[in-house]
Amino acid sequence: MAQIGNTSQILVDTIDVFTTDQKFATPDVVLTWARDVGDANKVSIIITRSDKKNGIRGRNDKLVLGCDKGGKYDSSESSTTTASKKCNCPFKIRAAPSTGGSGWKVQVIHGVHNHGLPDQYHGHPRKARLTTDENKRVQDLTKRKVAPRHIVLDLKDQNPESVVDATLVYRKRHMMQIQERGSRTELQHLLQLLDDAKYVSWNRRKDDGSDVLSDIFWAHPDSIKLLNLFPIVLVMDRTYKTNKYRQPLLEITGITSTNMAFAVGFAYMESEKTDNYHWALGKLKELITKQDIFPRVILTDREFALMNAIKDIFPHTTNMLCTWHIIKNVNARCTVHIPKDMRQKVKNLWRDVVESPDEVEYQQRLNAFQQACVNSSKVESAHWKLKQMLEHSKGDLCKSLKGMNDNIRLEVDKIKKSFQKSFYYAEKTHISPFFQYLRNFVSRAAMTLISDEMKRIDIVGTDKNLCGCKLRSTCELPCACELSGYTTSGVPIPLDSVHGHWKKLTMEEPLEDDIEDGYELDMSNAMEAIWTRFRSLDIVGKRALKSKVFELAYPASSSLCPPPEKIKTRGGVKNKDKGKAPKGYDVYRDPSYFEHVEREYGDSQGTSKRLRTQLSQPSQEQQSQPSQKQLSQMSKKLTSQKYLGQFPDHLHPHIVDIIEVLGDGNCGFRAVAYLLGYTEEANRYNVILVTLGKPSQTFFPMMTSYSSSARFFCFGFVSGNHWVPVNMSKGFPLPEVTADWKKFRSHEATSWMSNLNGRLQYWQLLNPPVKPPSGVMSVD
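Since we're looking at a predicted model, the values are computed, not measured.

Next up on the list: the overall build of the protein chain. Each helix and strand in the protein chain was counted, giving 29 helices and 19 strands. By the burial criterion, 41% of the 780 residues in the protein chain qualify as buried. Entry remark: accessible area of the protein chain is about 44000 Å², with carbon and sulfur atoms responsible for 51%.

Take a look at the structure:
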């Protein structure tokens with residue numbers, strides 16, 4: 001192979017390398033030989049023509065090979081800017097049967113290329129393909145959740161000459177998904193996967209009569225076992241951006257006797273309305289096999305729709321707020337009100353208050369906390385691990401199920417291992433004779449709690465008032481005063497002093513129910529009723545009933561389909577939608593106090609500066625010849641500039657624009673009409689009213705309860721005699737509630753203040769009093 005010089009065009013001669021006297025048995029052998037020679041010389045060989053002798057004149061056996069850069073690119077077929085490797089390369093090889101009939105011979109018709117040849121294989125059409133071994137390796141690593149870039153590095157470790165890149169890995173993964181799903185739709189494939197793995201699942205369609213999925217709930221069989229073993233404490237949390245439909249995910253988590261978190265079930269919901277939570281919690285209740293078993297405590301954050309559903313579905317369960325969110329709010333207040341060198345001390349003192357063992361100790365620690373001011377971490381960890389398994393928000397529900405299933409498999413293995421450790425291993429602090437009845441029968445986590453409690457024996461003795469009995473009341477384990485009695489008597493801790501929750505150290509026990517005759521599980525009458533109904537129907541009715549039965553028997557035949565478009569939830573509101581809750585869904589939640597603090601002390605300074613600039617300076621576009629739309633925008637800007645300085649400075653970043661209305665003595669009425677979306681002659685109310693001026697106040701509805709879809713109407717009092725409507729950004733701070741509302745509101749209306757307390761506190765954060773009141777800082 002040689003490059004021909006002294007020309008304005010690069011010419012590469014490959015006649016010698018493709019010239020051979022060798023005879024080949026078949027055309028396929030010729031092609032393999034030519035491609036191998038081409039690979040060795042950085043030439044990509046393709047078939048340009050292949051004919052077989054069929055009796056038609058001029059049709060003889062032959063194979064014509066060329067360079068992949070041969071031919072011309074027809075740019076007229078596409079209006080977009082594209083690239084092509086074709087440059088009309090004349091290279092050509094012809095193979096035909098030899099005249100002696102002893103195989104196929106090869107002849108170089110044109111061995112010169114009109115382009116340079118690459119000096120490396122990166123991007124080479126054949127060398128950059130995955131080999132058989134590489135294909136298998138990519139499949140194995142993909143199942144183990146290895147990222148494509150790490151798969152590429154692994155392939156390079158196996159073969160340093162490999163030129164595979166991440167694009168090929170992504171392409172291979174996509175083909176794997178297509179091959180696995182086959183002709184099924186996404187929902188058919190999802191239901192089949194659930195059925196194959198023996199998940200218990202329910203789903204329901206939208207109320208509009210369509211086949212579009214509204215909500216779906218599923219639970220792993222091992223999760224159901226663990227739920228019925230450890231139903232006492234459950235934790236519920238929602239997460240967002242886990243699927244391309246933006247459906248919120250409700251994750252339900254339990255705690256084992258070894259203090260390990262496990263996933264109970266998952267529910268993808270159309271929205272976060274009480275009705276959706278009602279449905280999901282109803283399905284959770286069906287997973288519990290005994291009627292007298294129910295969760296003692298359910299931990300949640302301050303999601304009122306979920307809390308209301310818990311009250312209805314589990315009326316005897318105590319709903320408690322998650323300490324993680326409470327501590328976040330306390331930390332936020334420390335950031336605002338406490339000097340930097342004192343913050344960690346105050347945070348530690350607060351934790352001491354939360355963990356007080358009795359009322360006496362609580363009062364002492366609270367006093368220390370007040371002077372300085374003049375645990376759901378396991379579940380949060382499990383929540384984070386699930387998010388890692390789900391990887392990103394672009395996957396479908398099938399991908400989410402696989403991530404959850406992998407996460408559950410790892411959880412169950414760890415839980416079984418923790419059970420075995422409690423059977424076979426004893427910590428040094430558990431070797432004491434006082435634990436001899438508990439070893440191998442009670443989890444090590446419970447014995448650790450007891451051994452820590454024994455350190456208080458010398459302080460409290462057998463005095464119950466001094467003890468406080470915190471461990472007994474919260475975990476149903478022997479507290480310090482009980483342990484003191486055992487040590488005084490010289491007897492080991494009895495096994496029956498430990499709650500049964502801590503004695504469960506296996507998952508092998510079968511699920512039990514409290515039904516003796518099994519009537520509830522008998523389906524014979526229902527099946528007979530279906531047959532009777534089927535025989536009585538006409539042809540159309542029989543088809544409809546058959547399709548419903550088929551969906552139960554054959555999940556892959558379901559007509560269920562995913563949401564046709566991305567649902568706008570609070571975790572996925574785009575910038576263009578900010579300022580109003582997603583239409584049709586009550587998924588918007590006002591941020592907690594700590595979220596306001598994080599935003600204010602994060603990047604809000606730059607945002608505030610930008611907004612002030614927009615309100616104070618006309619743009620260059622406005623200074624040129626403006627259109628009618630631009631004239632309207634300029635009018636709004638001028639109005640904003642005119643009145644902006646009459647409102648509190650800290651509110652300027654949250655004011656979108658200020659609207660001028662006719663000043664004829666009815667300006668207040670006209671401002672209300674504008675915000676209602678009517679003409680200035682309308683007269684309807686029933687909204688949250690915010691007045692901006694001196695003073696600024698908030699007026700909540702007097703008789704109705706809180707609604708997340710309520711509208712905020714803001715009016716500014718300017719020039720001492722004029723009301724103007726003011727458009728505010730979403731989540732703006734709310735001024736103090738008017739005293740009349742506090743005095744005359746109904747009991748139901750109290751929920752307005754509790755739900756919007758974070759925004760009321762946000763106002764205080766931005767607009768602190770000039771002289772702080774003496775006394776203790778509030779942390780609620």
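Moving on from the model shown.
Here the focus is the sheet that holds strand E3 (residues 45-51). Strand order in the open sheet formed by 4 strands is E3-E4-E5-E6, and the pairing between neighbours is antiparallel. Taken across any chain shown, the strands that pair with only one partner, and hence form the sheet edges, are E3 and strand E6 (104-110). The mean angle between the axes of side-by-side strands here comes to 25°, regardless of whether they run parallel or antiparallel. Where strand E5 (residues 92-97) and E6 come together, 6 bridges link them in antiparallel fashion. Counterpart to Ala95 in the pairing with E6 is Val106.

What follows concerns the environment of Tyr762. Along the chain, Tyr762 turns up in helix H29 (residues 757-766). Distance in space between the C-alpha atoms of Tyr762 and Pro733 is 5.4 Å, their sequence separation being 29 residues.

So, on to unusual backbone geometry. At Lys42, a residue that is not glycine, the phi angle is positive and equals roughly 60°. Examined against the element boundaries, Lys42 turns out to sit in the loop between helix H2 (27-40) and E3. Relative accessible area serves as the criterion here: at 21%, Lys42 is assigned to the partly exposed category. Of note, Asn259 is a non-glycine position whose phi angle comes to about 65°, a positive value. With respect to the helices and strands, the residue Asn259 is situated in the loop between strand E11 (249-255) and strand E12 (261-268).

Turning next to the nonpolar core. Ranked by internal contacts, the top residues of the largest apolar core, which has 54 residues, are Leu190, Trp218, Met236, Leu281 and Leu284. Sequence-distant contacts of Leu284, defined by excluding residues within four places in its chain, comprise Phe217, Leu227, Leu234, Met236, Ile252, Val264 and Phe314. Among the nonpolar cores identified, the runner-up in size contains 24 residues, and Tyr643, Phe647, Ile655 and Ile688 belong to it.

With that out of the way, let us pick up the sheet that holds strand E15 (residues 655-658). As summarised here, the arrangement of the 5 strands in space is E15-E19-E18-E16-E17, forming an open sheet in which the pairing is mixed. The open sheet has two edge strands, E15 and strand E17 (697-699), and neither has a second partner. Taking the axes of each pair of neighbouring strands and ignoring which way they run, one obtains an average angle of 30° across the sheet. In terms of strand pairing, strand E18 (residues 712-718) meets strand E19 (residues 722-728) through 4 bridges, oriented antiparallel. Bridging from a neighbouring strand, Val718 pairs with His722 of E19.

Cut-offs and rules
- Residues numbered from 1 in each chain as written.
- Predicted model: local features only at pLDDT ≥ 70, side-chain atom pairs only at ≥ 80, totals over all residues.
- Heavy atoms only, no water.
- Helix = DSSP H or I, 4+ residues; strand = E, 2+ residues; numbered from the N terminus.
- Buried < 20%, exposed > 50% of the residue type's maximum accessible area, 1.4 Å probe, protein only.
- Areas by Shrake-Rupley, 256 points an atom, 1.4 Å probe, with all protein chains shown as cover.
- Pairing = 2+ DSSP bridges.
- Axes fitted to C-alpha atoms, helices over the stretch in contact; angles between N-to-C directions.
- Core = buried A, V, L, I, M, F, W, Y, C linked by side-chain atoms within 4.5 Å.
- Contact = heavy atoms within 4.5 Å.

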